[in-house]
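# Descriptive structure summary
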Amino acid sequence: MTDMEKAKVVIAHKEFYDNLLLLRIKLQKCLSLANTLPQDLDKITKEDKEECAYDTVKDLEQYLIMVVKYQTDLLAKNQNVKMM
């Protein structure tokens with residue numbers, strides 16, 4: 001492996017970990033909000049539960065799409081990495 005190829009791999013890994021850190025920060029915001037939810041579920045209406053569940057699923061879908069995009073970008077940049 002040449003020095004140029006090694007440098008490209010290092011840059012790709014740095015970008016990957018930067019994106020991973022950004023994802024962790026965004027997930028932390030969701031977890032913090034989840035911790036502020038009422039602990040007594042009997043006080044929450046069925047409609048509120050359904051709305052919260054729907055919003056959570058949509059947020060998780062967006063994060064999953066972002067993770068898959070980062071993985072695809074990383075694999076495209078580094079042909080030596082193989083998916084399991």
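Please refer to the structure higher up on the page.
So, a few notes on the structure that sits alongside this text. Predicted, not measured: the structure shown is a model, and the values here were computed from it.

This next bit is on helix H2 (residues 46-77). When the terminal C-alpha atoms of H2 are compared, their 47 Å separation across 32 residues agrees well with the 46 Å that a helix rising 1.5 Å per residue should span. Among all positions in H2, only Tyr63, Met66, Tyr70, Leu74 and Leu75 are buried. Elements in contact with the buried residues of H2: helix H1 (3-35).

Residues Glu47, Asp48, Glu50, Glu51, Asp55 and Asp59 make up a contiguous surface patch of negative charge. Within the secondary structure, Glu50 is located in helix H2. Note on Glu50: relative accessible area 48%, which makes it partly exposed.

A separate point is the pattern of salt bridges. Applying the stated criterion across every chain, the model contains four salt bridges. Note that Lys77 and Glu15 form a salt bridge whose closest N and O atoms lie 2.2 Å from each other. On the criterion of sequence distance, the pair formed by Lys77 in helix H2 and Glu15 in helix H1 is long-range, its members being 62 residues apart. For Lys77, a relative accessible area of 51% puts it in the exposed group.

Our focus in this paragraph is H1. Over its 33 residues, H1 extends 47 Å from the first C-alpha to the last, a length consistent with the 48 Å expected when each residue adds 1.5 Å. Within the span of H1, buried status applies to Val9, Ala12 and Leu23. Elements in contact with the buried residues of H1: H2.

What counts, and at which threshold
- Residues numbered from 1 in each chain as written.
- Predicted model: local features only at pLDDT ≥ 70, side-chain atom pairs only at ≥ 80, totals over all residues.
- Heavy atoms only, no water.
- Helix = DSSP H or I, 4+ residues; strand = E, 2+ residues; numbered from the N terminus.
- Expected span 1.5 Å × (residues − 1).
- Buried < 20%, exposed > 50% of the residue type's maximum accessible area, 1.4 Å probe, protein only.
- Contact = heavy atoms within 4.5 Å.
- Patch = residues over 30% accessible without salt bridge, like charges linked within 9 Å, V, L, I, M, F, W, Y side chains within 5 Å.
- Areas by Shrake-Rupley, 256 points an atom, 1.4 Å probe, with all protein chains shown as cover.
- Salt bridge = Lys/Arg side-chain N within 4 Å of Asp/Glu carboxyl O.
- Lys, Arg positive; Asp, Glu negative; His and termini not counted.
- Charge placed at Lys NZ, Arg CZ, Asp CG, Glu CD.

By themselves, these are just geometric observations and shouldn't be taken as functional.
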